[in-house]
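Fold and geometry: a report
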Amino acid sequence: MTFDQSLPLIFMALMGISMLVYVISDGYDLGVGLLMPRANATEKDVLIASIGPFWDANETWLVLGIGILLIAFPKAHGLVLTQLYLPVTLMLIGLMLRGVAFDFRVKAKDVHKATWDRLFFAGSLLASMSQGWMLGRYISGFGSGWNYPVFAAAIALALPAAYVLLGAAWLIMKTEGELQRKAIRWAKLAWWPVVVGMVLISLSTPWISATVRQRWFELPAIIALSAIPLTTAIALVAARLVLDRPIVRKELCWLPFVLLIAVFVFGFLGLAYSIYPFVVIDQLTIWQAASSPAALKVILIGVCISVPAIAAYTVFSYRVFWGKATELRYG
Amino acid sequence: MDPLILARAQFAANITFHILFPTITIALGWLLMFFRWRWLRTHDGAWLAAYRFWTKVFALSFALGVVSGITMSFQFGTNWPGFMEKAGNVAGPLLGYEVLTAFFLEAGFLGVMLFGHGRVSERIHMMASFFVAFGTTVSAFWILALNSWMQTPAGHEVIDGVFHVKSWAEVLFNPSFPYRFTHMLLASGLTCAFLMAGLSAWQLLRGQAERSAPKVMRVGLTVAALLIPVQIFVGDLHGLNTLKHQPQKIAAMEGVWETERGAPLLLFAVPDDKARTNHFEIAIPKMASLVLTHDADGEIKGLNDFPDAHPPAAPLFFAFRVMVGMGVLMLLVSWVGWWMGRRVGWAPQRLSRGLLWVLAGMSFSGWVATVAGWYVTEIGRQPFIVYGLLRTADVAATTVPSSMIALSLAMYVTLYLALIVAYVSVLKYMAEKPEDVIEPDALERAEGRAAAALAKGSAT
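Residues numbered from 1 in each chain as written. Chains lettered and ligands numbered in written order. Predicted model: local features only at pLDDT ≥ 70, side-chain atom pairs only at ≥ 80, totals over all residues. Heavy atoms only, no water.

- As annotated in an unreviewed UniProt entry, chain B carries the name Cytochrome D ubiquinol oxidase subunit and comes from Methylibium petroleiphilum.
- Looking at chain B in UniProt, the text filed under Sequence similarities (unreviewed entry) is "Belongs to the cytochrome ubiquinol oxidase subunit 1 family." (UniProt positions renumbered as here; feature names shortened; annotations may be inferred.)

- An unreviewed UniProt entry annotates chain A as Putative quinol oxidase subunit II transmembrane protein originating from Methylibium petroleiphilum.
- Database annotation for chain A, UniProt heading Sequence similarities (unreviewed entry): "Belongs to the cytochrome ubiquinol oxidase subunit 2 family."
- According to UniProt, the comment filed for chain A under the heading Subcellular location (unreviewed entry) is "Cell membrane".

Thoughts on the overall build of chain B
- Scanning chain B from N- to C-terminus turns up 14 helices and eight strands.
- For a compact globule of 460 residues, the expected C-alpha radius of gyration is about 23 Å, and chain B comes in at 24 Å, within 12% of that figure.
- In terms of overall dimensions, chain B has C-alpha extents of about 80 × 45 × 40 Å along its principal axes.
- Across the 460 residues that make up chain B, the buried fraction comes to 58%.
- Approximately 18300 Å² of chain B is accessible, and the part contributed by carbon and sulfur atoms is 65%. (Helix = DSSP H or I, 4+ residues; strand = E, 2+ residues; numbered from the N terminus. Rg over C-alpha atoms; globule rule 2.2 N^0.38 Å. Buried < 20%, exposed > 50% of the residue type's maximum accessible area, 1.4 Å probe, protein only. Areas by Shrake-Rupley, 256 points an atom, 1.4 Å probe, with all protein chains shown as cover.)

As for the packing of aromatic side chains
- Tallied over the entire structure, the rule returns 45 aromatic pairs over all chains.
- Judged by centre distance (3.9 Å) and plane angle (20 degrees), the rings of A:Tyr28 and A:Trp170 are stacked. Residue A:Tyr28 is found in helix α1 (residues 3-35), and its partner A:Trp170 is found in helix α7 (residues 147-174); the two are separated by 142 residues along the sequence.
- Following the ring pairs from residue to residue traces out a cluster consisting of A:Tyr313, A:Phe316, B:Trp30, B:Phe109, B:Phe130, B:Phe131 and B:Phe134.
- The cationic tip of B:Arg36 hangs over the ring face of B:Tyr51; the distance from NZ or CZ to the ring centre is 4.8 Å. (Phe/Tyr/Trp six-rings, centres within 6.5 Å; stacked < 30°, edge-to-face > 60°. Lys NZ or Arg CZ within 6 Å of the ring centre and 35° of its normal.)

Concerning the confidence of the model for chain B
Residue and element names in this part refer to chain B.
- Summary statistics for chain B give a mean pLDDT of 86 and a share of 94% for residues scoring 70 or more.
- Segment residues 456-460 is flagged for pLDDT under 50; beyond a separation of four residues in sequence, or across chains, it makes zero contacts in the model.
- The ipTM assigned to the predicted complex is 0.82, against a pTM of 0.87. (pLDDT = per-residue confidence, 0-100. Contact = heavy atoms within 4.5 Å.)

So, a nonpolar patch on the surface
Residue and element names in this part refer to chain B.
- A surface patch of nonpolar side chains, amounting to about 580 Å² of accessible area, comprises Leu267, Phe268, Phe280, Ile282, Ile284 and Phe318.
- Only β4 (265-272) and β5 (277-284) provide two or more residues apiece to the nonpolar patch.
- Mapping Phe268 onto the fold places it in strand β4. (Patch = residues over 30% accessible without salt bridge, like charges linked within 9 Å, V, L, I, M, F, W, Y side chains within 5 Å. Salt bridge = Lys/Arg side-chain N within 4 Å of Asp/Glu carboxyl O.)

Thoughts on the interface of chain B and chain A
- With 71 residues of chain B at the interface, the matching set in chain A holds 62 residues.
- Across the chain B to chain A interface the summed buried area is about 5900 Å²; carbon plus sulfur atoms make up 78%.
- Remark: the boundary between chain B and chain A carries zero salt bridges.
- Linking chain B to chain A there are eight residue pairs in polar contact (both at pLDDT 80 or more).
- Within the residue set of the side of chain B that touches chain A, elements represented by two or more residues are α1 (3-42), α2 (45-79), α3 (81-115) and α13 (402-432) of chain B. (Buried area = accessible area lost by both parts, 1.4 Å probe. Polar contact = N/O pair within 3.5 Å; in protein donor to acceptor, adjacent residues only side chain to side chain.)

Remarks on the pattern of salt bridges
Residues and elements named next belong to chain A.
- Applying the stated criterion to the full structure yields 21 salt bridges over all chains.
- Close ionic contact of Lys182 with Glu43 constitutes a salt bridge, the shortest N to O distance being 2.9 Å. In this pair, Lys182 sits in helix α8 (residues 177-208) while Glu43 sits in helix α2 (residues 41-51), placing the two residues 139 residues apart along the sequence. Of the two residues examined, Lys182 and Glu43, each falls in the buried class.
- Bridged by salt links that share partners, the residues Asp26, Asp29, Glu59 and Arg98 form one connected network.

Notes on the environment of B:Lys166
Residue and element names in this part refer to chain B.
- Position of Lys166 among the secondary structure elements: in the loop between β2 (162-165) and α5 (168-172).
- The exposure class of Lys166 is exposed, given its relative accessible area of 61%.
- The spatial distance from the C-alpha of Lys166 to the C-alpha of Met411 is 41 Å, given a sequence separation of 245 residues.

Some details on the nonpolar core
- Counting residues in hydrophobic clusters, the biggest one holds 226 residues, and the most contacted among them are A:Phe11, A:Phe73, A:Phe104, A:Val279, B:Trp54, B:Phe83 and B:Tyr423.
- With 20 residues, the top contributor of residues to this core is α3(B).
- Here B:Tyr423 is in contact with A:Phe104, B:Phe21, B:Ile24, B:Val57, B:Leu60, B:Ser61, B:Leu64, B:Phe364 and B:Trp367, once residues within four sequence places are set aside.
- Formed by 17 residues, the second largest nonpolar core is a distinct cluster that contains B:Ile250, B:Ala263, B:Leu303 and B:Ala319. (Core = buried A, V, L, I, M, F, W, Y, C linked by side-chain atoms within 4.5 Å.)

Some remarks on the UniProt feature "transmembrane region" (unreviewed entry) in chain A
- UniProt's entry tags residues 6-25, 84-104, 116-136, 148-173, 189-209, 221-243, 255-276 and 296-316 of chain A with the feature "transmembrane region" (unreviewed entry), counted in the numbering of this structure.
- Regarding residues 221-243 of chain A, the helix share stands at 96% and the strand share at 0%, and the terminal C-alpha atoms are separated by 34 Å.

A look at the packing of helix α6 (residues 177-205) of chain B against α13(B)
Residue and element names in this part refer to chain B.
- Across the interface, α6 lies against α13 with an axial gap of 9 Å and an inter-helix angle of 50 degrees. Taken together, the axis directions place α6 and α13 in an arrangement best described as oblique. The two elements α6 and α13 cross, and the hand of that crossing is right-handed. For the pair α6 and α13, contact is made by Leu195, Leu199, Trp202 and Gln203 and by Leu427, Lys428, Ala431 and Glu432, respectively.
- Split by residue class, the contact of α6 with α13 holds five nonpolar, one polar and two charged. (Axes fitted to C-alpha atoms, helices over the stretch in contact; angles between N-to-C directions. Parallel < 35°, antiparallel > 145°, perpendicular 65-115°, else oblique. Left-handed = near helix turned anticlockwise from the far one by under 90°. Nonpolar A, V, L, I, M, F, W, Y, C, P; charged D, E, K, R; others polar.)

Quick word on the pairing of strand β1 (residues 156-159) of chain B
All names here are of chain B.
- Pairing geometry for β1 and β2, over four bridges, is antiparallel. Residue pairing in the sheet places His156 in a bridge with Val165 of β2.
- A loop of two residues connects β1 with β2, the two strands running antiparallel in sequence, and Asp160 in this loop sits at a positive phi of about 50 degrees. (Pairing = 2+ DSSP bridges.)

Re unusual backbone geometry
- Here A:Tyr276 and A:Pro277 are connected by a cis peptide whose omega angle stands at 0 degrees.
- Along the chain, B:Gln382 connects to B:Pro383 via a cis peptide bond; the corresponding omega equals 5 degrees.
- Note that B:Pro383 resides in the loop between α12 (365-379) and β7 (384-386).
- The phi dihedral of B:Ala209 is positive, around 50 degrees, even though this residue is not glycine.
- Its place among the elements puts B:Ala209 in the loop between α6 and α7 (212-245).

Digging into helix α14 (residues 293-320) of chain A
- Look at α14(A): 40 Å from first C-alpha to last across 28 residues, which is about the 40 Å you get at 1.5 Å a residue.
- Where α14(A) bends most, at A:Val303, the angle is about 30 degrees.
- Along its buried surface, α14(A) packs onto α1 and α3 (55-72) of chain A together with α3 of chain B. (Expected span 1.5 Å × (residues − 1). Bend = angle between axes of the 7 residues up to and from the residue.)

Thoughts on α1(A)
- The terminal C-alpha atoms of α1(A), which comprises 33 residues, lie 47 Å apart, in line with the 48 Å expected from a rise of 1.5 Å per residue.
- Taking the largest bend as the criterion, α1(A) deviates by roughly 30 degrees, centred on A:Gly27.

Quick notes on the environment of A:Gly67
- Structurally, the position occupied by A:Gly67 is in helix α3.
- Taking C-alpha positions, A:Gly67 is 9.2 Å from A:His77, a pair spaced ten residues apart along the chain.

A closer look at the side chain of B:Thr370
All names here are of chain B.
- For Thr370, the location among the structural elements is in helix α12.
- A polar side-chain atom of Thr370 sits 2.7 Å from the main-chain carbonyl oxygen of Gly366.
- In this structure Thr370 touches Ile19, Thr23, Met184, Ala187 and Thr191, once residues within four positions along its chain are discounted.

Structure below.
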């Protein structure tokens, strides 16, 4: 494979990684948004404070992911986004609502605060459900028939549950005392729907897509491939077990969060393996959809310089706000 | 309804909403650094109060800018899939660099800038604030480069209907870019300056923030008074540049239907796009030719020279007059306001209530001028998306039913109106219950004492 031919591959990987980082990072803050109604007034402020310094940067990964789709695979961008016109609109409205509700709630009159909190929850729910629906439609190659919407709807329900679990794990890490105890309970409650959802989706994906079926059940790949579901299962079970130990409230408060990140990473690897080399399953391969090598090279230079810098200051920002969440105050 | 019209209306709604917020944050980022710096220098709690108040405005505006910006990045695909397929080699890298260099920079450091006090040193905090301000400006650079290229394309070749870049320098620094970029940065400065002067005036009218509001008002009026003449000058240069590269845009702005020498300047008219003529003209003879060609008998090309390839005249004609009218008003108000403020030594109790009401009334004048200006620019490029080369109609989504576009348009517009109302009322509410002077907390007081002791020591 020449360098020019490998360019689309590089950008596919980049896009995948941005989407993965997006799902994990905005996933926990969407999850925190979904948990809002379960917290009391003071706890709500802590919930918000725990994600306050990060959510902006988290959403930027979505812009980068969609940006790469737009820049590197323009044909796929048009195809995917026109297919998903309505869910995209709903997701954007959800993201807008929660993004601004978050900022408005502390600045508005006290009587309006509860309304903004409700909108924050509603926006988080709308955004995460639309994302699940979009993922479902995307995996199934936008197929038509009665089973496809059912499949998409199942993911639309499962993804918010996964975000709640991740958000609860984030809170276990970022909070103390009674709220932390609550977060552990929330995590335990969300664990079952996530497991059931993942099993159902894993079973139905090969049923919904012949291409995926073929990829999953061919020998000898299936043996190597089995590492993915196995590791995912181990991480999920370990996360559940650790939730029952007292140590999760102290030194190991970060462990469930890290284990869940592993679950997301392996889920992503499985997905990537199933889809490759398509950017739109059964319709467009990454080479068919890619921009000219000249344009891709120009962006690659920027990527090589910026991505390490982005990583560095993301780490910096997380270090600045390390430890338990405290009240946010504009300096 | 025609899906093309709906798609355009939806996109117009989105850019109109989106541009409101970068217009504030680009300049506000820099002015916040100035407030912070004044506080560090003077240890006057009023500057800290001003800083904190405007940081909140920044956070709110930034959040609205980010979320509406995300919408934009999706709509290229949902509404104009053909644009990226055909012009993606040019537009893609520009948008990519915007995200990579600017968007991440702002978003990454915003948390530290907003909430990092007490967690990082003052120097690191200044640096974070600088990166945020710099990021917003760099963001404007890339977006304006792309927008200018769409207006005055250069540095590319078209092979089989697809654009390929020959020279990135020519693409970036295309003929209209310097004017457009400067015009936008100045617009941001003016929007922010009038917002500052306006909200401070409102606070003074309500008897609030009597120590910090005059300081902010003085900054706002000074910035406005300095920038508005520069803006008018740059705007004129920008107009001449447009005349050279997009004469039909000028023809529509001026309501010139037939090419003529010694064209009059229309103070008022109602251009009629169907009848291809103007009604109710009030004109100054030969003035348009004089202004545009610096010759009273200079030739101005009319819309008749561009059959099927010129923008609608009426929206451009009115939008342009709104922008210019607002500019003239800004010039008057900022100069008179500055002079009156200076005459009373910026003492709030001596500022005339009339002036305060005018300033408060003009809080959002920058928005009006900016949006009107963007309409001139964007509608003026029609019927092309890339001027002269690619028609908007040829890149619109063909597979999306118009009912779906209409539905999402309705949802967006409802949300946008609600958010604008919320934004303005929260700004008003915050202005009415500000912290006026912030007592330095323990650490800062200790620093203050040390500085005072030092000053005392050197005095004796």
